[in-house]
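This is what each chain is made of:
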Amino acid sequence: MMQTEYPRVCLGEVLNHRSEFFRIDDFSTYKRVTAKLHAKGIVLRDEIKGFEIKTKKQQRCKAGDFLVAEIDAKVGGYGIVPPDLEGAIVSSHYYLYEIDESKLERQYLHYCIQADAFQNQITAQGSTNYASVRPVDILEIEIPLPPLDEQQRIAAILDRLMERIDEARRQREAAIEDLNIVIQKTLDKVLFQFSRYQDLSNMLLEKPKNGYSVKCDDIEGGTPVLTLASVTGFNYTKNFKLTSEILDPDAKYWLNPGDLLISRSNTLDLVGHAAIYSGDPYPCVYPDLLMKLQINPEKAESKFVLYWLQTSVVRNYIKEHAKGTSPTMKKISQSIVMAIPFPADTSLTTQREIAYQFDQMQAKKKEIHNLQTETEKDLEDLIPSLLQKAFAGEL
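Residues numbered from 1 in each chain as written. Predicted model: local features only at pLDDT ≥ 70, side-chain atom pairs only at ≥ 80, totals over all residues. Heavy atoms only, no water.

1. As for the pattern of salt bridges
Counted by the stated rule, this structure contains 22 salt bridges. Glu150 is the salt-bridge partner of Arg153, the closest N and O atoms lying 2.9 Å from each other. Linking Arg153 with Glu150, this pair stays in helix H4 (residues 148-191), spanning 3 residues, or about one helical turn. What makes Arg153 partly exposed here is its relative accessible area of 34%. With a relative accessible area of 18%, Glu150 lands in the buried category. Lys364 is the salt-bridge partner of Glu367, the closest N and O atoms lying 3.8 Å from each other. In this pair, Glu367 and Lys364 are both assigned in helix H8 (residues 348-391), 3 residues apart and thus about one turn of the helix distant. Judged by its relative accessible area of 44%, Lys364 falls in the partly exposed class. Salt bridges linked by common partners bring Arg18, Lys62, Asp65 and Glu98 together as one network. (Salt bridge = Lys/Arg side-chain N within 4 Å of Asp/Glu carboxyl O. Helix = DSSP H or I, 4+ residues; strand = E, 2+ residues; numbered from the N terminus. Buried < 20%, exposed > 50% of the residue type's maximum accessible area, 1.4 Å probe, protein only.)

Okay, structure coming up:
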């Protein structure tokens, strides 16, 4: 329980559960909202025509309402409806509460619901076998409630502290973005020295091969199958699902450490992203939406090819040649990949020197990223202690 000198009251004394339903008009358009987990706020889910909504009885949100998701409340699925979602709709699986602003400052409640002490009371509600909460469960939650002017003072202090934390996050993200820009400019500057091109196919031992279209069920003990995300950003990351399907041990969809993979289908910005498989997990299959490039080691260095694929020359080529009517799913074919322009008459020694130079830059980027991840964790750890102090009257 939260340690505080402030009097504690049940939310039922400062909130009113509003349960008013209306019938959806098939010819109108509605905003639907959802509650992000871990008290991260209420956000727009989608905008949809009335005739596409199956459940015709819905509730209408008001800006400033406290909204609780019936099922997800136990994992922080609640928040305050922002002004831009005034009039959005939710189903009967959400509860709406009006705030008595003569007793409770809305921004004070915004911070209260982020405290561990608040979430712990919801988690403890009802049977462990029944995940959802009832409207009355919410009204029985206790919060520390100082006088209104004290609530406003606490909320103002927390606003300023949170703004500083957000600013620190923005600066860290900007630093990484600046570094990405420097790397990209350096990449183009170094690699633009090559003015004569040949087709990438001249560097391959065989034609690029699609992976295997396999059904993943994530059953424990299954075979790992990489996802598209494993090559996004031109960095290999261990993103995979599992399949229990019996696979042919002699098939060509198995991966070996060092294999170069390229996405053949994704959004226009992401199609053609590539990465080198590290060997973890192993054994591992690559999916149909990736292609494997077998680089001829006597002609090209895989890492140099990977860096070359990131240059503006190749990215512009990919964007010009990707096909598909869907803006979210563009595709590149085997022939398009084979015709990617590649520097002509570039020695293996030169390729290795350039690859080494960019390896050093990537290592520096990773070092900064790791440092920022640690800083982010420190900031995340700071917020609960700030909230605890605030509601204990120590700010």
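This is not the end of the story, as more comes after the structure.
2. Focus on the nonpolar core
In terms of nonpolar packing, the biggest core is built from 38 residues, with Phe66 and Leu109 touching the most fellow members. Counting residues per element, the ones that place at least two in this core are strand E7 (66-69), strand E8 (78-80), strand E10 (94-99), helix H1 (106-112), helix H2 (116-123), H4 and H8. Top element by residues in this core is H8. It accounts for 6 residues. With residues up to four places along the chain from it excluded, the contact list for Phe66 reads Leu15, Tyr78, Gly79, Ile80, Tyr95, Leu96, Tyr97, Leu109, Ile113, Phe118 and Ile138. Core analysis: the next-biggest nonpolar cluster, separate from the first, contains 35 residues, Leu191, Trp308, Tyr317 and Phe358 among them. (Core = buried A, V, L, I, M, F, W, Y, C linked by side-chain atoms within 4.5 Å. Contact = heavy atoms within 4.5 Å.)

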